[in-house]
Amino acid sequence: MPQTLAQKILQNQCAEAVGEAGSIARCRVSLVLANDITAPLAIKSFEAMGARAVFHKERVALVCDHFTPNKDIDSAEQVKAVREFARRMGVVHYYEGGDVGVEHALLPELGLVGPGDVVVGADSHTCTYGGLGAFATGMGSTDIAAAMALGETWFKVPPTIRVQIDGTPGAYVGGKDYILRIIGEIGVAGALYKALEFGGAAVEALTVEGRMTMANMAIEAGGKVGLFEADARTLAYAAAAGRTGDAALAPDPGAAYERTVRLDVTGMEPQVACPHLPENVRPVSEVRGVAVHQSVIGSCTNGRIEDLREAAAVLRGRRVARGVRLIVLPATPRIWRQALAEGLLEIFMDAGAVVGPPTCGPCLGGHMGILASGERTIATTNRNFKGRMGSLESEVYLSGPAVAAASAVVGAIASPADL
Amino acid sequence: MQYTGTAHAVGANIDTDAIIPARFLVTTDEAQLGANCMEGLEAGWVARVRPGDIMVAGPNFGCGSSREHAPIAIKGAGIPVVVAHSFARIFYRNGFNMGLVLIEVGDGYAQLGDGSRIEVDTDAGVVRNLDTGAEVRCQPVPPFMQQILDAGGLVGYVGQRLAGEAR
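*Asks:* How do you make sense of the interface of chain B and chain A when you look at a structure like this?
*Replies:* Interface size is commonly expressed as the accessible area that is lost once the parts come together. Counting from both sides, the interface comprises 45 residues of chain B and, opposite them, 50 residues of chain A. Summing both partners gives a buried area of about 3800 Å² for chain B against chain A, and 60% of it is carried by carbon and sulfur. Of all residues in chain B, V26, R89 and R93 of chain B give up the largest surface area on contact with chain A, accounting jointly for 20% of the area buried on that side. Inspection of the chain B/chain A interface yields 3 salt bridges.

Here's what the structure looks like:
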């Protein structure tokens, strides 16, 4: 039976034959992940299961990135519990403080995830690693506790929607714009319980970072995974991250797809998702001029070095509008350092930005960028649900880094072409 | 199992930030989370709920984050069952793992209006609106998930397996 990428990767880690969409597959897991919000519950469940040890000390990652540096006593207590569990279990990949980054940027950079892996994480954006050819998906804490104890989990094999993206886009358009456009077309439940498999010339031309940005938001269409082939670019990325033994991976010709969605991005403008759902997508020219109080550049979606370069190219020699807060959070310590070495941080500071540490803080309304009632932000993050970043009477617009940077300069939603 | 209670209708695409906003995620305590259930939809929402009441939702209930705090908050508010058009995938799995009963009824959810008396019969596979007499069929629980439910949820299922392997 010709297999989709989803079936093929699951087969890599399953002892039995992976069946058709809808059948159950029990698979080994390559890596299990939790963060400072979800790990405390996972630890509780792990102990309630009577588990005494994690299945593999190097295949569990605990990344305290959401409320860190800790915003209050309760969050500090949560991290303390995770830290002590990691120590007790001998978990090798525990990150907090100077070595912590936003989990979905950090783990690929460290070479902990790659082509053919099956990764489960107690964080919905675990699907990011599909950009590297991994079957990676978010689950709850108790599922993660089970995977930490058993080293395996179960999946319903998802039907696959093939997303074929071709054409050459206009300036300032990247992976974020492609995925926003797709979510706009299929809707926030358009891929419910399904795999999204991305391909086509426009996708092949993307960097691995750009593909991870797209895979990251598969969940915003309800998708279980967002998958890309592991091609020469992927293998080069994996090798640079210190991995060995990875192989190219592609779907079989003639694999059964539920349907195919085609997108020609020729001449496409940057895209913006309007409140309060990621499917409310419009070209930037249709929302130009909407006043913003804050702009956030960072997160597991767009906090990587190429995102910072894109923002810096727009901000170079310019100033953030008076009364607007621009918050820039490089996603990992390595990205932070590289942005420093390349002079990007200086450009941000000269423009009047707040440059902060790697943290998920503002994206989920945790800390470092909470909105008051009546305030509006544009952000490179992945969700614009009502109240996501603070007050129920605030608004979040989503865009790529270039539009977020240009909007900070104008004080209203703008394309870099408007400057 | 049978459940009877008053329906609280909450609409389509209810996300996990609406069910339990991030600012409340500094605890794993069911009572504390329950006290803030649906705080991201409407301040003070939980005050209208009596123990045993039933939540009724449109498509894609529980979309968004993987936070297991969301089904815990619903249970903590005293709601044992959610009937929806459809559930987001991670939330669906979390619900079963936490012992929150989730019933998918497709378009039939529209028959279960806010404030109606609702009866859910999981064995017969039917949800009834006791006020109007409308009957809505519900999806059967997949066999593998029934195994997990039979073990008392995922904690019990894994506990059994670990105990078996230790023998």
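Once the structure has been displayed, the description carries forward.
*Asks:* Hey, could you run me through the sheet that holds strand β3 (residues 81-84) of chain B in this one?
*Replies:* Sheets are built from strands paired through backbone hydrogen bonds, the pairs being either parallel or antiparallel. Residue and element names in this part refer to chain B. Read across the sheet, 7 strands follow the order β4-β3-β2-β1-β5-β6-β7 without closing on themselves; strand pairing throughout is mixed. Unpaired on one side and paired on the other, β4 (101-104) and β7 (135-137) mark the two borders of the sheet. Pairs of neighbouring strands in the sheet enclose a mean axial angle of 30°, with direction left out of account. Taken together, the 4 bridges between β3 and β4 define a ladder with parallel strand orientation. Its bridge partner being in β4, V82 is matched across the sheet by L102.

*Asks:* Would you mind going over the packing of aromatic side chains with me for this structure?
*Replies:* One pair of aromatic rings is described through two measures. These are the centre distance and the angle between the planes. This model, assessed by the stated rule, comprises 9 aromatic pairs over all chains. Chaining the aromatic ring pairs together yields one cluster made of Y193 of chain A together with F61, F87, F91, Y92 and F96 of chain B. One cation-aromatic arrangement involves K71 of chain A over F67 of chain A; the distance from NZ or CZ to the ring centre is 4.8 Å. One cation-aromatic arrangement involves R93 of chain B over W154 of chain A; the distance from NZ or CZ to the ring centre is 3.9 Å.

*Asks:* Which parts of the structure should I look at to understand the environment of I103 of chain B?
*Replies:* All names here are of chain B. Residue placement: I103 occurs in strand β4. When the C-alpha positions of I103 and H85 are compared, they lie 8.4 Å apart, and in sequence the two are 18 residues distant. In this structure, I103 is in contact with V81, V82, V83, A84, F87, V120, T122, V127 and C138, ignoring residues within four places of it in sequence.

*Asks:* What's the story with the sheet that holds strand β3 (residues 60-63) of chain A in this structure? I'm lost.
*Replies:* Residue and element names in this part refer to chain A. Here 5 strands make up an open sheet; going across it, the order is β4-β3-β2-β5-β6 and the pairing parallel. In the strand order of this sheet, the two ends are held by β4 (93-95) and β6 (135-138), each with one partner. The average angle at which neighbouring strand axes cross in this sheet is 15°, direction not considered. Taken together, the 3 bridges between strand β2 (residues 31-35) and strand β5 (residues 118-121) define a ladder with parallel strand orientation. Within β5, the residue paired with V32 across the bridge is V120.

*Asks:* Looking at this model, I keep getting lost on the state of the cysteines. Mind explaining?
*Replies:* Structurally, a disulfide amounts to a covalent bond that connects the sulfur atoms of two cysteines. Residue and element names in this part refer to chain A. Per the stated rule, a full pass over the model turns up 1 disulfide over all chains. Across a sulfur-sulfur distance of 2.3 Å, C14 and C27 are joined as a disulfide pair. Of the two residues, C14 sits in the loop between α1 (5-12) and β1 (24-28) while C27 sits in strand β1, which places them 13 residues apart along the sequence. A residue is classified by how much of its surface remains accessible, and C14, at 7% relative accessible area, is buried. Among the residues examined, C27 registers a relative accessible area of 1% and is labelled buried. Sulfur of C64: no disulfide; nearest cysteine sulfur belongs to C360 and is 11 Å away. Left unpaired, C360 is separated from the closest cysteine sulfur, that of C300, by 6.5 Å.

*Asks:* I tried to follow helix α14 (residues 344-351) of chain A on my own but got confused; where do I start?
*Replies:* In an α-helix, one turn spans 3.6 residues, which is why side chains three or four residues apart end up on the same side. All names here are of chain A. Among all positions in α14, only L344, L345, I347, F348 and A351 are buried. All buried residues of α14 fall inside an arc of 160° around its axis, so they share one side. The exposed residues of α14 that point more than 90 degrees off its buried face are E346 and D350. Close packing links the buried residues of α14 with α12 (305-315), β15 (325-328), α13 (333-341) and β16 (354-355).

*Asks:* When you look at the packing of helix α3 (residues 69-76) of chain B against helix α4 (residues 89-98) of chain B in this model, what are you seeing that I'm missing?
*Replies:* In helix packing, the relevant descriptors are the interaxial angle and the interaxial distance, both defined with respect to the helix axes. Residue and element names in this part refer to chain B. Two numbers describe how α3 lies on α4: the axes approach to 8 Å, and their chain directions differ by 50°. Viewed along their axes, α3 and α4 adopt a mutual orientation that is oblique. Judged by the sense of rotation from one axis to the other, the crossing of α3 with α4 is right-handed. On the side of α3, the interface is formed by A70, P71, I72, I74 and K75, while α4 contributes F91, N94, G95 and M98. Of the residues contributing to the contact of α3 with α4, the split by class is 6 nonpolar, 2 polar and 1 charged.

Rules of the game
- Residues numbered from 1 in each chain as written.
- Chains lettered and ligands numbered in written order.
- Predicted model: local features only at pLDDT ≥ 70, side-chain atom pairs only at ≥ 80, totals over all residues.
- Heavy atoms only, no water.
- Contact = heavy atoms within 4.5 Å.
- Buried area = accessible area lost by both parts, 1.4 Å probe.
- Salt bridge = Lys/Arg side-chain N within 4 Å of Asp/Glu carboxyl O.
- Pairing = 2+ DSSP bridges.
- Helix = DSSP H or I, 4+ residues; strand = E, 2+ residues; numbered from the N terminus.
- Axes fitted to C-alpha atoms, helices over the stretch in contact; angles between N-to-C directions.
- Phe/Tyr/Trp six-rings, centres within 6.5 Å; stacked < 30°, edge-to-face > 60°.
- Lys NZ or Arg CZ within 6 Å of the ring centre and 35° of its normal.
- Disulfide = S-S within 2.5 Å.
- Buried < 20%, exposed > 50% of the residue type's maximum accessible area, 1.4 Å probe, protein only.
- Arc of directions from axis to C-beta.
- Parallel < 35°, antiparallel > 145°, perpendicular 65-115°, else oblique.
- Left-handed = near helix turned anticlockwise from the far one by under 90°.
- Nonpolar A, V, L, I, M, F, W, Y, C, P; charged D, E, K, R; others polar.

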